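Geometric and topological summary
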Amino acid sequence: MLKRPLLIACFLSLTACQTTQDAAQADASTQQMQEAHIKPTQIQTPTDVTKAKPFPIAPIHQEDVWQRIRQQISFAPSSHPRVLRRVNWYLQHPNYMDTISQRAGPLLYYIVTEIEKRGLPIELALMPLIETDFDMQAYSHKHASGLWQLTPLIAKHYGIEINPWYDGRQDLIDSTRVALDFLTYLHKRFDGNWYHAVAAYNTGEGRVLRAIENNRKAGKSTDFFALQLPRQTRHYVPKLIAATQLLKQQLMPFPAIANTPAITTVSLPAATILDRDPQWSMLAELNTGYARFPALLGGPNRLIMPIDKAQQWSDYAKNLPTMPSDQWQTYTVRRGDSLSVIAANYELSVRQLKSFNQLRTDTIRIGQQLVLPVLADKHYTYTVKSGDSLWRIAKQFNVSVNKLKQWNALSSSTLQIGKELTLFLTAP
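Nothing here was measured: the structure is a model prediction, and the numbers come from that model.

Let us now look at the overall build of the chain. Secondary structure summary: the chain contains 20 helices and eight strands in total. In the chain, which comprises 428 residues, the proportion classed as buried is 51%. Considering only intrachain contacts with a sequence separation of at least 6, the fraction spanning at least 24 residues in the chain is 71%. Here the chain displays about 20800 Å² of accessible surface, and carbon together with sulfur accounts for 50% of that area.

The following block contains the structure:
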């Protein structure tokens, strides 16, 4: 558990629960609403919500996971202009939720369940919508990565593994655990104020604390909407409020997602390289933490699997090639070698090297045979030329832009002429 140090926050694009707004902010004028292109009648007042009929069934028994969320929304509706502008943006993009539901389909039930287990506000389940559009491979210009936009500092502090083979920030299970741990800490840090906590998740707790203290000294409100924060953060919380209002008040359709488990986890040997059976290629989309799929190295001893494929996987895994095979190679120890030297040459950790070879100590001898994985990819260095872009390079080598960013730790799409990029190309 963190004590009191200020942490550099990661990026997420959403907001949690709001404290009581100033009366003037809670009731934006009709003129402000018109400027935001929203009619006052489109937004229910707190009284409207209070009078709403109770849901006839428990959230867990809903057929649609969006409705499971909708039933538990507790944030008060807001007519603040920043919220109304975002509501208007959603209403002007009616097909947006089609894309969101398609991406969130395999993930949302798991996220909602984890939030409910912890007793956290259900609104937090919408944070990946606001921040990354449910893109598990998203990168930000601040080096945040994954569905929950975790920075390396926060990820490592909470025990996420990041190595050349695996980045747990892009793993659904690892990243969700850490994001909720961090949000729970921030909620306590800000004395139970969820809006302040989520703002701190976006911009850093130190910056939010200073903004609160500055307002307090000046005799001003410390409500989120009154704080002087960076522009991105000022719009960060309103985006979440807007999304919750859209869902709560059913202002636009959220295409249904079945309120049943879509994924499960299966055990995985400590070192696995899948063969080229095309039926398992879809696993790459659920296990984006593995940077060099189908080489499943350096990560947790589990694999995320569509729930309807679990038994088929169990049967398949029984016949996976064991070491040595064409996926593994032997290495003869030479004079001057050590486990650390060999591991570095093959971009492995000493722990992995010992695991592959069932070594109990770091001692090796000249002439000893070690087993090493054959890289599932061909290592290639590409030098950026005039006119290049990540999209063009990705298309040329038949890889994704996100993979290019992941392999080279790129936080933006800007390239400099002469920069060398590392690519890992699957052997034919």
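This part takes up the pattern of salt bridges. As enumerated under the stated definition, the model contains 11 salt bridges in all. Between glutamate 116 and arginine 68 there is a salt bridge, and its shortest N-O distance comes to 2.4 Å. Taken together, the positions of glutamate 116 in helix 7 (residues 108-118) and arginine 68 in helix 4 (residues 65-72) put the pair 48 residues apart, joining distant regions of the chain. Judged by its relative accessible area of 1%, arginine 68 is buried. We note a salt bridge from arginine 302 to aspartate 174, for which the minimum N-O separation is 3.2 Å. Highlighted residues: arginine 302 in strand 4 (residues 302-306) and aspartate 174 in helix 10 (residues 172-189), separated in sequence by 128 residues. An identical accessibility class is assigned to arginine 302 and aspartate 174; each is buried.

Mapped onto the fold, glutamine 72 is located in helix 4. Residue class for glutamine 72 comes out partly exposed when judged on its relative accessible area of 28%. Expressed as a C-alpha distance, the spacing of glutamine 72 and proline 121, which sit 49 residues apart in the sequence, is 8.2 Å. With sequence-adjacent residues up to four places away left out, glutamine 72 is seen in contact with Pro59, Glu116 and Ile122. Engagement of the side chain of glutamine 72 in a polar contact is seen with the backbone oxygen of arginine 68, the distance being 3.1 Å.

Interaxial distance between helix 7 and helix 10 falls to 11 Å at its minimum, and their mutual angle equals 35°. As for how helix 7 packs across helix 10, the hand of that crossing is right-handed. Contact residues: helix 7 offers Tyr110, Ile111, Glu114, Ile115 and Arg118, while helix 10 offers Leu172, Ile173, Thr176, Arg177, Leu180, Asp181 and Thr184. Counted by class, the contact of helix 7 with helix 10 contains six nonpolar, two polar and four charged residues.

Our next topic: the packing of aromatic side chains. Summed over the entire model, instances satisfying the criterion amount to 16 aromatic pairs. On the numbers, 5.6 Å between centres and 75° between planes, the contact of tyrosine 382 with phenylalanine 397 is edge-to-face. Taken together, the residues tyrosine 382 in strand 7 (residues 377-383) and phenylalanine 397 in helix 19 (residues 390-397) connect sequence positions 15 residues apart. Assigned by exposure class, tyrosine 382 and phenylalanine 397 land together as buried. Every member of this aromatic cluster is reached through a ring pair, and the members are Phe75, Tyr195, Phe224 and Phe225. Cation over ring: arginine 68 sits above tyrosine 109, and NZ or CZ is 5.0 Å from the ring centre. Between the NZ or CZ atom of arginine 86 and the centre of the ring of tryptophan 89, over which it lies, the distance is 4.4 Å.

Our focus in this paragraph is helix 5 (residues 81-91). In terms of residue burial, helix 5 counts as a mostly covered element, since eight of its 11 residues are buried. All of the buried residues in helix 5 are Pro81, Arg82, Val83, Leu84, Arg86, Val87, Asn88 and Tyr90.

With that settled, the discussion passes to the pairing of strand 4. Regular strands have side chains that alternate between both faces of the sheet. The buried fraction of strand 4 is high, at five of five residues. On strand 4, burial covers both faces: Arg302, Ile304 and Pro306 on one face and Leu303 and Met305 on the other are all buried. Sheet topology note: the strand 1 (residues 263-267)/strand 4 ladder contains five bridges and is antiparallel. Bridge pairing in strand 4 links threonine 265 to isoleucine 304.

With that out of the way, let us pick up unusual backbone geometry. Despite not being glycine, phenylalanine 134 shows a phi value in the positive range, around 60°. Unlike most non-glycine residues, glutamine 149 shows phi in positive territory, near 50°. The topology assignment puts glutamine 149 in the loop between helix 8 (127-132) and helix 9 (152-157). Assessed through its relative accessible area of 2%, glutamine 149 is described here as buried.

The class of phenylalanine 397 is buried, set by a relative accessible area of 16%. Sequence separation between phenylalanine 397 and phenylalanine 424 is 27 residues, and the spatial gap between their C-alpha atoms is 9.6 Å.

The pLDDT averaged across the chain works out to 82; a share of 82% of its residues lies at or above 70. Within the model, the stretch residues 1-52 combines pLDDT values under 50 with 144 contacts to residues more than four positions away or in other chains.

For the rest of this paragraph, the subject is the nonpolar core. Judged by nonpolar contacts, the single largest core of 73 residues is most densely connected at Trp66, Tyr90 and Ile111. When residues in this core are grouped by element, the largest group, nine residues, is from helix 10. Apart from the residues within four sequence positions on either side, isoleucine 111 is in contact with Ala125, Pro128, Phe134, Leu147, Trp148, Leu172 and Thr176. Counting 16 residues, the second-largest nonpolar core is a separate cluster that includes Trp165, Ala295, Tyr331 and Leu339.

Criteria and thresholds
- Residues numbered from 1 in each chain as written.
- Predicted model: local features only at pLDDT ≥ 70, side-chain atom pairs only at ≥ 80, totals over all residues.
- Heavy atoms only, no water.
- Helix = DSSP H or I, 4+ residues; strand = E, 2+ residues; numbered from the N terminus.
- Buried < 20%, exposed > 50% of the residue type's maximum accessible area, 1.4 Å probe, protein only.
- Contact = heavy atoms within 4.5 Å.
- Areas by Shrake-Rupley, 256 points an atom, 1.4 Å probe, with all protein chains shown as cover.
- Salt bridge = Lys/Arg side-chain N within 4 Å of Asp/Glu carboxyl O.
- Polar contact = N/O pair within 3.5 Å; in protein donor to acceptor, adjacent residues only side chain to side chain.
- Axes fitted to C-alpha atoms, helices over the stretch in contact; angles between N-to-C directions.
- Left-handed = near helix turned anticlockwise from the far one by under 90°.
- Nonpolar A, V, L, I, M, F, W, Y, C, P; charged D, E, K, R; others polar.
- Phe/Tyr/Trp six-rings, centres within 6.5 Å; stacked < 30°, edge-to-face > 60°.
- Lys NZ or Arg CZ within 6 Å of the ring centre and 35° of its normal.
- Pairing = 2+ DSSP bridges.
- pLDDT = per-residue confidence, 0-100.
- Core = buried A, V, L, I, M, F, W, Y, C linked by side-chain atoms within 4.5 Å.

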